[in-house]
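Residue strings, one per chain:
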Amino acid sequence: MSSILEKKKQEEAEEHVRQAEKYLKTSPLKLKFSPEFEPAGDEYGRAGQAYKVAKKYNDALTCYLKAVDCYKEVHQLFQAARMLENSVMVAKDMDRLSDISDYAKRGALMYRQVNKPEAAAQLLDKAAKIVADSRPEDAIDLYEKAAETVAVEDRPNVAAEYCGKAGRIAVRLKAWDRAITSLRNEIKYRQEGGSTPKMAVMGLLLIELKRGDRVAAEKVWRELGNWCDGDMARAVQNIIQGYDEQDGDMVSAGIDSPVIRNLDLDFARLSRELPRPASKTADGGDGEGQGGGEGEEDDNGLSGLC
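Attention now moves to unusual backbone geometry. Located in the positive-phi region is Asp95, a residue other than glycine, with phi close to 65°. The phi dihedral of Lys174 falls on the positive side, at around 60°, and the residue is not glycine. Structurally, Lys174 can be placed in the loop between helix H8 (156-173) and helix H9 (176-193). Assessed through its relative accessible area of 43%, Lys174 is described here as partly exposed.

Quick look at the structure:
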């Protein structure tokens, strides 16, 4: 039954392609001096849908992209954007994930040009979710574009969510500079929207500690620590004071506290990777280093953090 339907849809698609090609032909004898791009785009769009049902994904993608070109010729950008959105989904079905970011960005730009920012942001978000696991760098780009799109529409809390998603992916990739930029933007948008940026603040602090930049870590806390609640403040105080005094037990008390363990998953994992000074034994001597960073404290420059 399925093969019969697929064959029928393929034949239907081929007929739509023939109709599209007829619209694009010129005929001086019939006084047709220019192609009819809009109806041709409609036919290519219908052909793409039929080919998709027939599971002829390559043909579907070709038709959708031809529809895009037709609609652009007559400045029907909304329709062109819809065809690019369809192209994203076909590329997903074909496992051509490397093309998804380009289609989504082009479609989102067209949506924005016709004053459809919500459609643009939704397309970028949809594409980012598709490529997040296999092409995380593309996902970061798409979430950043989505944040820019909604920010100009005075929706700072939504922009913050997109920046937060970008920042957390960057943390997973250990792309620290990019993570810091995204989290800084998340904090800015949350402040504008009146929501608390405490999770992003903790993320920033942990990144600077992981990078071993004690000056930057201190600056983050002095600048933004007032957004964090009492339990977070106590944990951070233990961590910072522990590094200052090279007291591994105190650092561990902060890192292993419930408030740190209950951070967003990416930040909680990052906290477990922080270097820890050697623990002090009962007689005041130094024991062995602890945690994911044993022996790294000097290399990371975390001594004397305060």
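Further notes follow.
What follows deals with the pattern of salt bridges. Tallied over the full model, the rule gives 28 salt bridges. Put simply, Arg178 and Asp141 hold a salt bridge, and the shortest N to O gap is 2.1 Å. Remark: Asp141 occurs in helix H7 (residues 136-151) and Arg178 occurs in helix H9; sequence separation between them is 37 residues. The partly exposed category is assigned to Arg178, whose relative accessible area is 28%. Between Arg222 and Glu218 there is a salt bridge; the shortest N-O distance is 3.8 Å. Remark: Glu218 and Arg222 occur in helix H11 (residues 214-224); sequence separation between them is four residues, near one turn of the helix. You can call Arg222 exposed: its relative accessible area is 63%. A single salt-bridge network, built from bridges that share partners, covers Glu161, Arg168, Glu186, Arg190 and Asp264.

Now for the nonpolar core. Val88, Ile100, Met202 and Ile207 are the most contacted members of the largest nonpolar core, which has 87 residues in total. Setting aside chain neighbours within four positions, we find Val88 in contact with Ile100, Tyr103, Ala104, Leu123, Ala127 and Ile130.

The rules we used
- Residues numbered from 1 in each chain as written.
- Predicted model: local features only at pLDDT ≥ 70, side-chain atom pairs only at ≥ 80, totals over all residues.
- Heavy atoms only, no water.
- Helix = DSSP H or I, 4+ residues; strand = E, 2+ residues; numbered from the N terminus.
- Buried < 20%, exposed > 50% of the residue type's maximum accessible area, 1.4 Å probe, protein only.
- Salt bridge = Lys/Arg side-chain N within 4 Å of Asp/Glu carboxyl O.
- Core = buried A, V, L, I, M, F, W, Y, C linked by side-chain atoms within 4.5 Å.
- Contact = heavy atoms within 4.5 Å.

Keep in mind these values describe shape, not function.
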